[in-house]
Amino acid sequence: MSSEVRAGSFTLAQRMTAALAGVALSSMLCAFLLYDRALARGMRENAEQRLARASRSADLLIQDHLAQTEARYRAVAATPQVRATLELAHTPTTKALAEQIRAQQDAASIAFVSSRGTLLARSGLDSSALNSFGAGRSTLFVVAAEVHAVVSIPIDLSPTHAVTLVALEPISAGSLKRWSDLCGATLTLAGADASRRDELTAPIEHWGSAGLLVVADLALERAALRSARWQLTWAGLVALALTLGTCTAVARGLVRPVRQVQRALALIGNGDLSARIESRRTDEIGEMARDVDRMAERLSASHGELAVRLDELRRSQEHLTRAQQIARLGSFEFDLASGALSASQEFWTIFAAEDPRKGLSPDQLLERLHAEDRGSVVEAFRACTRHGTRAQIDYRVRLPGGGERLLQAQFHLFTLDGEALRRVEGTVQDLTERRRAEEQIRYLAYHDGLTGLGNRSLFTERVNLAVPQARRRGTKLGILCLDLDDFKRVNDTLGHDVGDGVLRQVADRIVQGTKEAEIATRDRAPGFEPAVARLGGDEFVVLVTDVRDASDLARISEHLLHGLQRPYRIGSDEVVISASIGIATWPDDGERVDALLGNADAAMHHAKADGRNTFSFYDASMNEVARRRLSVEVRLREALEAGDLELHFQPKAELANGRIVGFEALARWHDPELGVVSPADFVAVAEQTGLISGLSRWVLDRVCDEVTAREPALRAAGARVSFNVSAREFGPRFASEFAATLTARGIDPGLLEIEITETAIMRDEETAIAALHDLKALGVSIALDDFGTGYSSLAYLQRLPVDTLKMDRSFIRSIAEDASAASLTRSIVAMGKALGLYVVAEGVEHEAQRALLKAWGCDAIQGYLVGRPSPATRAFARLGDHGPSRHSRSGRSRTSA
């Protein structure tokens, strides 16, 4: 009877479910059709609106690019070199200028066109259409199936003479891609793809000469339509699920009492004797439920001890399950006779079974093993079953969602009653997180945290691996040690955040540059793979393998230097910086990594000494230079602490009457171990190591002592004592600190003259000029030292508040033999006199040089012809020689730049 009731109940539930599901399905289909039709109509409208916005954005991007390009070439056209070359109207020179501009700006073509449309000179791509572009026009142009930016810059050379600079620059695919990303559509050439069936296109009318199209596909709209369809489908499924839920609730209401009885019997069968139904029904089902309760009470009374044990067993199983979950460890058994597999719940969780209670079949488990590891796992399992070998193996599994886990399995063969019972028992542990942590630790140990490049440890390993390979192939290895020039200036002026940004971009450019240089040199063996590492600070190192010719390393170095010179944009700041590269090769320059790095570092310092922004190959003599430099640094530090240096003074004489009118203070050093050390050597070391502060302080103190002791004689002779200020010391606080020293020592500023080089001023021009004005306000005379070796021009000199112009000895050396040198020196003297400056010539050693300088109007000379540098007592004894001075050394007074 009960089975008939159960069958009838389930039949009714099935009918109710079918009816409600039919209604829900019909509603879902109607809604889906109406919603799909509305979305299809709106799809193209949305695409057309998006295409219009993209077209406007693309037009603005192109206008901005042309404006930037035009501004850059206007700056080039405004340089004096360009104007002077064009005024010269010399076709080969103009053509060389065009080639130079094209190389500097990476342009496809540079042309100079006269106001009549005549081509004066051209470099690069030959396109006769460029001659027709008028001055001031900027547009896009298609040459050789590529889009180029064309700008025309008018250059007015005179009221009647004008020349137009026409520049053609390619717009790379990367730029088009970046514009496409910014405007949300694809920019392409018209006709590049004839198939536009699934796309909308619009020409950029303002730039129609380039034939550019803005292409917007319908992917977004189609994705939206698919998403809407899925949402509507899910809504229908939810409605269907609610219908089924309602039917299920009705069915449960009908058959709940029967299921309660079944559940209670199942619990009692599993050992839970506390299960009760407590039914209040008065029918047969209620009577059957009460019979079950009475049976459970009798079993509970007679089997209390069994219940306790079952409870303990249940708790033990729970503890084991929690322990496996914490350790990510699962256990399993495989019966070899029946092929049945049983495992813990955590085992199935590790393998991502859809239902851990049901698990997976052995075939399903085998399918989830990684294809590369499946063979080794099967072989280990077979060895265990055939020979009883214990196995431990690591392998990977692929999860249904696309992820991957690393597992470790341990298993052995269990035999009972001879061969009657044979099964494999084992455990599986998830090692994914532990291995990920180990890899992270290894990454941090072998990589630089700022740039992501390898560090010294990883680079050392790479070299040690590359050496045997190079030995087998009979090739060489190249080590490029790269150090940025004056990088400390970036951190000091713009901050460490900007400096870190520059270092990251430098790392990217080195990596990219090595890849580009690999392609640019020649075909390589398959093992060629440059490795880049950051050793610390601003020092990088590159390993180049499979080197067969040293010229390859030279070309790579040139390519890297060229790439690093491009400006770096960090936020609103723009930084331009260069680098120096030292090159060492294995095995010529060393067998071990530390020797190669040391020799490459020595070569890098040699490159810096050669003027920076260059590269240098290692030479054995560099070690001697490095050791000598280290010895000079150590001994100079000790000499400054002990005061073992000497201060000599070299006299200056006026040409008009031969009177001694000044002395230049020069530091001299005679070390017991190193002997006489040239100032060119120990001053350079002092500037590189930071000892220049102590050296400058010592020179200033000794000069103040001598001026104080000889103040009456200096005043009577109208002479001054000059000393040099290092470029590294001439900063914003120099003037105030110098004034404080003079005040504390009670020294008249008019007895002193500061000599500063053009290089010191060019480091920070505005700050330096402000400091010079402060010094002028104190009454100190200022001399521009080594004039002609820097970047000074007439316009530049007019801004500097200097009194004296000191010509470098390189100009004086050959004026008596070389007519061109004489002409140049005479022009410098004339320029200085025209500016009202007191002109002094350095390095005068012969009477013929003195006679020429006097005839040209030079004011004073300094050199061996007047006197060598000597100690203070001997030098100042010459004060008052040859009568009174007839020339005022005040120079022209300029209080503003």
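An account of the accompanying structure is given in this report. Computed from a predicted model, the values in this text were never measured in an experiment. (Residues numbered from 1 in each chain as written. Predicted model: local features only at pLDDT ≥ 70, side-chain atom pairs only at ≥ 80, totals over all residues. Heavy atoms only, no water.)

Section: the overall build of the protein
Test applied: Here a helix means four or more residues in a row that DSSP labels H or I, a strand means two or more in a row labelled E, and each is numbered from the N terminus. We call two residues in contact whenever any of their non-hydrogen atoms come within 4.5 Å of each other.
Within the protein, the regular secondary structure consists of 28 helices and 30 strands. Contacts spanning at least 24 positions in sequence make up 62% of the contacts within the protein whose residues lie at least 6 apart.

Comments concerning the nonpolar core
Nonpolar side chains in soluble globular proteins tend to end up buried together. Rules: Note on terminology: a nonpolar core comprises buried Ala, Val, Leu, Ile, Met, Phe, Trp, Tyr and Cys residues joined through side-chain atoms within 4.5 Å. Exposure is judged per residue with a 1.4 Å probe applied to protein chains only, and the accessible area is read against the type maximum: over 50% gives exposed, under 20% gives buried, and values in between give partly exposed.
Counting 81 residues, the largest nonpolar core has Phe738 and Leu853 as the members making the most contacts within it. Per-element accounting of this core gives the leading share, 8 residues, to helix 19 (residues 692-709). When near neighbours in sequence (up to four residues on either side) are disregarded, Phe738 contacts Leu700, Phe723, Leu752, Ile754, Leu775, Leu778 and Val780. In terms of nonpolar packing, the next biggest core, distinct from the first, is built from 30 residues, Phe487, Ile510, Tyr568 and Ile570 among them.

Details of the sheet that holds strand 19 (residues 579-586)
So the rule is basically this: Here, any two strands with at least 2 DSSP bridges between them count as paired. To define axes, lines are fitted to C-alpha atoms, for helices over the stretch in contact only, and angles between the resulting N-to-C directions are given on a 0 to 180 degree scale.
Strand order in this open sheet of 5 strands is 15-16-14-19-20, and the pairing throughout is mixed. Of all the strands in the sheet, the pair left with one neighbour each is strand 15 (531-536) and strand 20 (615-617). Averaged over all pairs of adjacent strands, the angle between their axes in this sheet comes to 20 degrees, without regard to strand direction. In the sheet, strand 14 (residues 476-484) pairs with strand 16 (residues 539-547) via 7 bridges, with the strands oriented antiparallel. Opposite Gly478, over in strand 16, you have Val544 as the bridge partner.

Observations regarding the pattern of salt bridges
Operational definition: Definition used for salt bridges: Asp or Glu carboxyl oxygen within 4 Å of a side-chain nitrogen of Lys or Arg.
In the structure shown here, the tally under the stated rule is 38 salt bridges. The shortest N-O distance in the salt bridge between Arg592 and Asp594 comes to 3.4 Å. What makes Arg592 exposed here is its relative accessible area of 59%. Residue Asp594 is classed as partly exposed on the basis of its relative accessible area, which comes to 46%. For Asp671, the salt bridge goes to Arg635, with nearest N and O atoms at 3.0 Å.

Overview of the packing of aromatic side chains
Two aromatic rings are characterised by how far apart their centres lie and by the angle between their planes. Applied cut-off: Any two of the Phe, Tyr and Trp rings considered here, Trp counted by its six-membered ring, make a pair once their centres fall within 6.5 Å; the pair's planes then place it as stacked at under 30 degrees, edge-to-face at over 60, or tilted in between. Placement of a positive charge over a ring is assigned whenever Lys NZ or Arg CZ falls within 6 Å of the ring centre and within 35 degrees of the normal to the ring plane.
Inspection of every chain in the model, using the stated rule, returns 11 aromatic pairs. Here Phe615 and Phe617 contribute two aromatic rings whose centre-to-centre distance is 6.2 Å and whose plane-to-plane angle is 80 degrees, an arrangement assigned as edge-to-face. Residue classification places Phe617 among the partly exposed positions, given a relative accessible area of 31%. Judged by centre distance (5.0 Å) and plane angle (55 degrees), the ring pair of Phe649 and Phe876 falls under tilted. Here the residue Phe649 occupies a position in strand 21 (residues 646-654), and Phe876 occupies one in helix 28 (residues 872-876), the gap between them amounting to 227 residues. Just as Phe649 is buried, Phe876 falls in that class too. Pairwise contacts between aromatic rings join Phe332, Phe347, Trp348 and Phe351 into one cluster. Above the plane of the ring of Tyr568 lies Arg509, whose end atom (NZ or CZ) is 3.8 Å from the centre.

Here we look at the pairing of strand 27 (residues 804-807)
Regular strands have side chains that alternate between both faces of the sheet. Residues Thr804 and Lys806 line one face of strand 27 and the alternating positions Leu805 and Met807 line the opposite face, and both faces are buried. Direction of pairing for strand 26 (residues 781-787) relative to strand 27: parallel, over a ladder of 3 bridges. Following the sheet pairing, Phe787 is matched in strand 27 by Met807. Pairing of strand 27 with strand 28 (residues 838-842), which is carried by 4 bridges, proceeds in the parallel orientation.

Some thoughts on the environment of Gly611
With respect to the secondary-structure elements, Gly611 resides in the loop between helix 16 (593-609) and strand 20. Residues Gly611 and Ser580 lie 31 residues apart in sequence; the distance between their C-alpha atoms is 9.0 Å.

Digging into helix 10 (residues 371-387)
Condition: Helices are assigned an expected span. That span is 1.5 Å times one less than the residue count. Arc definition: directions from the helix axis to the C-beta atoms.
Over its 17 residues, helix 10 extends 25 Å from the first C-alpha to the last, a length consistent with the 24 Å expected when each residue adds 1.5 Å. Those residues of helix 10 lying buried are Asp373, Val377, Ala380, Cys384 and Thr385. Seen end-on, helix 10 carries its buried residues on one side only, within an arc spanning 130 degrees. Set apart from the buried face of helix 10 by more than 90 degrees, the exposed residues are Ala371, Gly375, Glu379, Arg386 and His387.

A closer look at the side chain of Thr825
Structurally, the position occupied by Thr825 is in helix 26 (residues 819-834). Sequence-distant contacts of Thr825, defined by excluding residues within four places in its chain, comprise Met807, Phe811, Ile812, Ile815, Leu853 and Trp856.

Digging into the packing of helix 21 (residues 734-745) against helix 23 (residues 765-778)
To be explicit about the condition: Working definition: roughly parallel below 35 degrees, roughly antiparallel above 145 degrees, roughly perpendicular at 65 to 115 degrees, and oblique for all remaining angles. Each crossing is labelled by how the near helix is turned from the far one, with a counterclockwise turn of less than a right angle marking it left-handed and a clockwise turn marking it right-handed. Classification used: nonpolar for Ala, Val, Leu, Ile, Met, Phe, Trp, Tyr, Cys and Pro, charged for Asp, Glu, Lys and Arg, polar for all others including Gly.
Contact geometry of helix 21 with helix 23 gives a least axis separation of 9 Å together with a crossing angle of 20 degrees. The angle between helix 21 and helix 23 falls in the class roughly parallel. In the packing of helix 21 onto helix 23, the handedness of the crossing is right-handed. Along the contact surface, helix 21 presents Phe734, Ala735, Phe738 and Ala739, while helix 23 presents Ala771, Asp774, Leu775 and Leu778. Grouping the constituent residues of the contact of helix 21 with helix 23 by class yields 7 nonpolar, no polar and 1 charged.

Focus on the sheet that holds strand 7 (residues 199-203)
Read across the open sheet, the 3 strands follow the order 6-8-7; overall the sheet is antiparallel. Two strands close off the open sheet at either side, each with one partner strand: strand 6 (186-189) and strand 7. The average angle at which neighbouring strand axes cross in this sheet is 35 degrees, direction not considered. Relative to strand 8 (residues 212-217), strand 7 runs antiparallel, the two being bridged by 5 bridges. Across the sheet, residue Leu200 finds its bridge partner in strand 8, namely Ala216.

Quick look at the packing of helix 11 (residues 432-446) against helix 12 (residues 456-473)
Following both chains from N to C, one finds helix 11 and helix 12 inclined at 90 degrees, their axes separated by 6 Å at the closest point. One finds that helix 11 runs roughly perpendicular with respect to helix 12. Side by side, helix 11 and helix 12 meet where Arg442, Ala445 and Tyr446 of the first sit next to Ser457, Leu458 and Glu461 of the second. By residue class, the composition of the contact of helix 11 with helix 12 is 3 nonpolar, 1 polar and 2 charged.

Limitation: the analysis is restricted to geometry and does not speak to function.
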